[in-house]
Amino acid sequence: MFKTLTTLLLLSSTAAWAHDGAAAGQFGGQVAAAGDWHVEFAVRDGGVRVWVRDHGDKPVAATGKVTLLAGGQKLDVALKSDGEALVADAAALQSAAKVTAVLALTVAGKPVSARFAQEAVVKPALSPSAQAGAKVFGEICFACHGTALRGSDAGPPLLHPYYAPGAGHGDEVVLAAIANGAASHHWKFGDMPKPEGIKPGQDKDLLAYIRAMQAANGLGAAAPMDHSAHAMH
Ligand code: HEC
């Protein structure tokens, strides 16, 4: 009987990585262990994504709904299966927003519940260089890394402990990605193609913007982090 009881998890936005690098997301989301499963959750502009996997990281079929609290609104949305993901559409939802989500899933015939929360993205005052970088980001990089640097269906969040300064992706790695793209190594998005249309000097502006956004959102140079998932590669 106890096995059928719902597991309720409360996670802050970065706690999942701090505790268990092996349970890191494959799509840049937050990850919670819920009974026999790992549940990954991400907010996109216009909806949410959920992935349920077993401890061997194999996708597991699930159904259910999500209750979203955002901008003073409460919204119940059904999750639809879309490849490996479950998706819920919520047109007004912004990836930059403060969002609380309660997932009520059925996995292998049993109820599984998980709760996630993210803070609103902080937009700091930007230096002229970072401001110029924000403009280029909004023209080229946002398509994959998201309007709020929180990722999209095509690329990972850059507001992520993996990419914090001092966490193994130093400035030279960021500049190299801007110059050449990046081969897929952390996530399941595939390769980052070489960005087109970057003018000389704009790489430094982009770096300034990304670092300013990270610093304003708790991913500064001093932020301690467990980078065990990265070290395993
Ligand atoms: C077409 C989609 C796409 C675009 C456009 C894109 N990226 Fe990426 N980017 C990715 C993907 C996918 C990855 C993750 C690769 C991995 O580690 O699996 C990535 C990774 C990165 C990384 C980490 C690189 C590493 O070596 O780990 C940085 C930094 C980055 N992107 C910055 C940018 C910037 C800045 C821009 C705009 C100039 C940009 N990206 C445009 C898809 C994209």
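Just so you know, these numbers come straight off a predicted model, no measurement behind them.

Here we look at the sheet that holds strand β9 (residues 110–118)
Taken in spatial order, the four strands make up an open sheet running β5-β4-β8-β9, and their pairing is antiparallel. Two strands lie at the open edges of the sheet, namely β5 (73–78) and β9, each paired on one side alone. Strand-to-strand, the axes of this sheet are offset by a mean angle of 15°, without reference to chain direction.

Some thoughts on the pairing of strand β1 (residues 30–34)
When you tally the buried positions in β1, you get four out of five residues, the bulk of the element. Relative to strand β2 (residues 37–44), β1 is paired through five bridges, and the arrangement is antiparallel. Note that in β2 the partner of Ala34 across the bridge is Trp37. Adjacent in sequence and paired antiparallel, β1 and β2 are bridged by two residues, among which Gly35 carries a positive phi angle near 60°.

Digging into the site of the ligand
Around the ligand there are 27 residues in total, and Cys141, Cys144, His145, His185 and Met192 lie nearest to it. His169 is positioned such that a nitrogen or oxygen atom in its side chain is 3.1 Å from an oxygen atom of the ligand. Measuring from an oxygen atom of the ligand, one finds a backbone N or O atom of Trp187 at 3.3 Å. Secondary structure elements with two or more residues in the shell around the ligand: α2 (128–145), α3 (171–180) and α4 (202–216). Here the shell around the ligand is composed, by residue class, of 21 nonpolar, six polar and no charged.

Thresholds, definitions, all that
Residues numbered from 1 in each chain as written. Predicted model: local features only at pLDDT ≥ 70, side-chain atom pairs only at ≥ 80, totals over all residues. Heavy atoms only, no water. Pairing = 2+ DSSP bridges. Helix = DSSP H or I, 4+ residues; strand = E, 2+ residues; numbered from the N terminus. Axes fitted to C-alpha atoms, helices over the stretch in contact; angles between N-to-C directions. Buried < 20%, exposed > 50% of the residue type's maximum accessible area, 1.4 Å probe, protein only. Near = heavy atom within 4 Å. Polar contact = N/O pair within 3.5 Å; in protein donor to acceptor, adjacent residues only side chain to side chain. Nonpolar A, V, L, I, M, F, W, Y, C, P; charged D, E, K, R; others polar.

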